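Observations on the model geometry
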Amino acid sequence: MSGKFSDQFLIASSIAGDEQAFGTLYDKYVEDIYRFVVMRVRNTHQAQDVTAEVFLKAWQYVSSQKKYIKDFRALLYRIARNVVIDHYRSSQKEMTAFDEDGLEAVVDTSSDIVENIQHKDDMRLVFQTLDQLSDDHKELIILRYAQDLSIKEIAGVQGKTNGAVRVALHRAIKQLKALIADT
Amino acid sequence: MRFSRFKKQLAASQIAISSKESWRLDAREALLAEIRKSHVWQEAPAVVRDRAFFSQLFHTLFAQAILKPAVAFALIFSVVSYSSVSTVHAARASLPGDALYLVKLGLESAQVGVAFSESKKAELEIAFATSRIEEVNQILKQDTRAASTPHIEQAMKRFSTDLNSVQKRLEKMGQEEKSEEKVLKISKLVNDTTTKLETDLLVIKEQLQDQNSVLEAPKAGKTDVSSIDAPGADSGNTQESAVRPVENESTEASATSTQTLAGISTTTPVVAEEVASPEDAQIQSAAENDLLATLDSALNAVDQANIKSLEVFVGKAQTSKSETVQQEAVDKIQKKIDKMEKNIDTALSEKARTTAQDAPPSATITASSTQPVLIQTPSASSQVQEAIDEAKKILDTKDMGQLGQVVEKVKEAKAIAEGAEKPSQDTETTNPSTSGTSTPSAFNQKTDSGKSSDTGTSVQESFGS
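Just so it is clear, the model here is predicted, and its values are computed rather than measured.

**A look at the overall build of chain B**
Per the secondary structure count, chain B includes 17 helices and 2 strands. For chain B, buried positions account for 53% of its 465 residues. Counting only contacts in chain B whose residues sit at least 6 apart along the sequence, the fraction spanning at least 24 positions is 79%. If you sum the accessible surface of chain B, you get close to 20200 Å²; carbon and sulfur atoms cover 53% of it.

**Overview of the overall build of chain A**
For chain A, the count of helices and strands is 9 helices and 0 strands. When its helices and strands are written in sequence order, chain A yields α-α-α-α-α-α-α-α-α. With 183 residues in all, chain A has 55% of them scored as buried. Taking as baseline every contact in chain A between residues at least 6 positions apart, the subset at least 24 positions apart corresponds to 62%. For chain A, the accessible surface area stands at approximately 8200 Å², while carbon and sulfur atoms represent 48% of it.

**Section: the packing of aromatic side chains**
Applying the stated criterion across every chain, the model contains 7 aromatic pairs over all chains. When the centroid spacing of 5.5 Å and the interplanar angle of 40° are considered together, the rings of tyrosine 34 of chain A and tryptophan 23 of chain B count as tilted. Highlighted residues: tyrosine 34 of chain A in helix α2 (residues 19-41) and tryptophan 23 of chain B in helix α2 (residues 21-37), drawn from two different chains. Given the relative accessible area of 1%, tyrosine 34 of chain A is considered buried. Aromatic pair tyrosine 145 of chain A and phenylalanine 3 of chain B: ring centres 5.7 Å apart, planes at 90°, arrangement edge-to-face. Placement of tyrosine 145 of chain A in helix α7 (residues 135-146) and of phenylalanine 3 of chain B in helix α1 (residues 3-16) is noted, with the two residues assigned to different chains. In terms of burial, tyrosine 145 of chain A and phenylalanine 3 of chain B fall into one category: buried. One aromatic cluster in this structure is built from Phe22, Tyr29, Trp59 and Phe72 of chain A.

**Observations regarding the environment of asparagine 82 of chain A**
Tracing the chain through its elements places asparagine 82 of chain A in helix α4 (residues 72-91). Along the chain, asparagine 82 of chain A and valine 54 of chain A lie 28 residues apart, while their C-alpha atoms are 8.9 Å from each other.

What counts and how
Residues numbered from 1 in each chain as written. Chains lettered and ligands numbered in written order. Predicted model: local features only at pLDDT ≥ 70, side-chain atom pairs only at ≥ 80, totals over all residues. Heavy atoms only, no water. Helix = DSSP H or I, 4+ residues; strand = E, 2+ residues; numbered from the N terminus. Buried < 20%, exposed > 50% of the residue type's maximum accessible area, 1.4 Å probe, protein only. Contact = heavy atoms within 4.5 Å. Areas by Shrake-Rupley, 256 points an atom, 1.4 Å probe, with all protein chains shown as cover. Phe/Tyr/Trp six-rings, centres within 6.5 Å; stacked < 30°, edge-to-face > 60°.

Okay, here's the thing in structure tokens:
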């Protein structure tokens, strides 16, 4: 069964009363959403809270709408975006850069010390570069190159047309390259 | 850093970032707990939470892309929404002819479709076949003859389809299934169930034949007015009881034939109905003859499934280390042989009686009942007996390794009794429901002078329809 067919099956089953079906959807997407949220909030505990809220809101949405959802994955990302925004609005916090401890908390360390140091340095550079992008551009780069979403999927997440996403992504890459060149 | 490297590092960061399993599990449980508190979940009836059924149904509709996803979703949701849960209940309780009967059949197909093993599929199909018999019995209690005929036919056609599918699955399992236990279990289930089904089906056929006989001779004043009871209730009073297959005995293929018992119609309580006109009576009679032909197909399908189950069971029993299983195989074969012999004797005596009464061919064909196939020629009956004798001889050697040969002899005897010229399937004579079998399926059909022919055609020809 294709991915989207299985999602529809699981959604229908969960609405019908099979809560374990929604649990299966959770298992399928929790890591993706968690990683996306971590890239945005930069804090493990906050990322966990936000991620949990995303899935609860997703259930509330599908159970209240009870209509066919073409792309559940896109729905999750859409909800995640909104929850992250709400999170910062309510907490009045700004997104912080990864500090040493923050990076340690979310990044899996390898056993090889030399590789670990280089790996962490590279990652820190990546995150620092991302932080210099605008919010929209940062999100585009994360969705495209970290979450590996297609243009069409990103359009679904952001509620834009494919063309608009393509243009915006082009601009984001342009800005990113300029920043990378400066480092 | 170049952009390509940046992209790689960004992608790598995703792999490096992972949540703790303990958190994932806790969050999952918390999520499901919230779901269970929701009114959507609370208001879903318990039956809807039957994951085994509905999940399978949904899986089928989506996985097999039977419908476009949006349509499938809408259909599923309408079926399981609060106001429509009763629809599912109603569908399950429906009978042929009811508005929801097709939904019921669709749900059954879906269940089979999502079953994960051939064994489970066969188990479901044999259970559904049993449901068809129950449905027909309910119809016979309720409906008038005119109304019930197409409905019974619908149920019986589905019955034949399911049993033919069971037979194919048994064949496949016998060849491919590695678990001896599974194969023995399912073949035994099918064998026992088909034995019962044959008995029930013969009773149903008998009831319908009696009705038909009343229709054919209403002016002769031979009919008695009574109600049709549930199968088996009154039939014990009739002559057929002496020759009807013993309950729960191994199914005898020959017992599913359509030998006439014209005399029985005069003694068996039947329902008398007024018919509007001779033309209507003739149309009704033709329809019922078609129904009897469908029943013959159904009996043949039962018989084929029964023989296949015996073959598969014996095949596995031969290599089984369990003496109990081996003995069971021997017992099943013995019962089968005994039944065949008994039915041969009965068939011959009925043939003699029918000939003596000078019954018309049409009555011979249509007034079939629980009797073995009409063995047309003495040489055929002696050949059948020879094959049976050979089977018994091999069985007497008590050599487990030769049990397969005994089954082959049994099949050979059946083939001879059917009047088949060769053991391979004759498509002209085979009912559509019996594809895939190695022996002709004309066993339950009337034969003309030892020549296999399509029962429906011959019946129609005899009635000029």
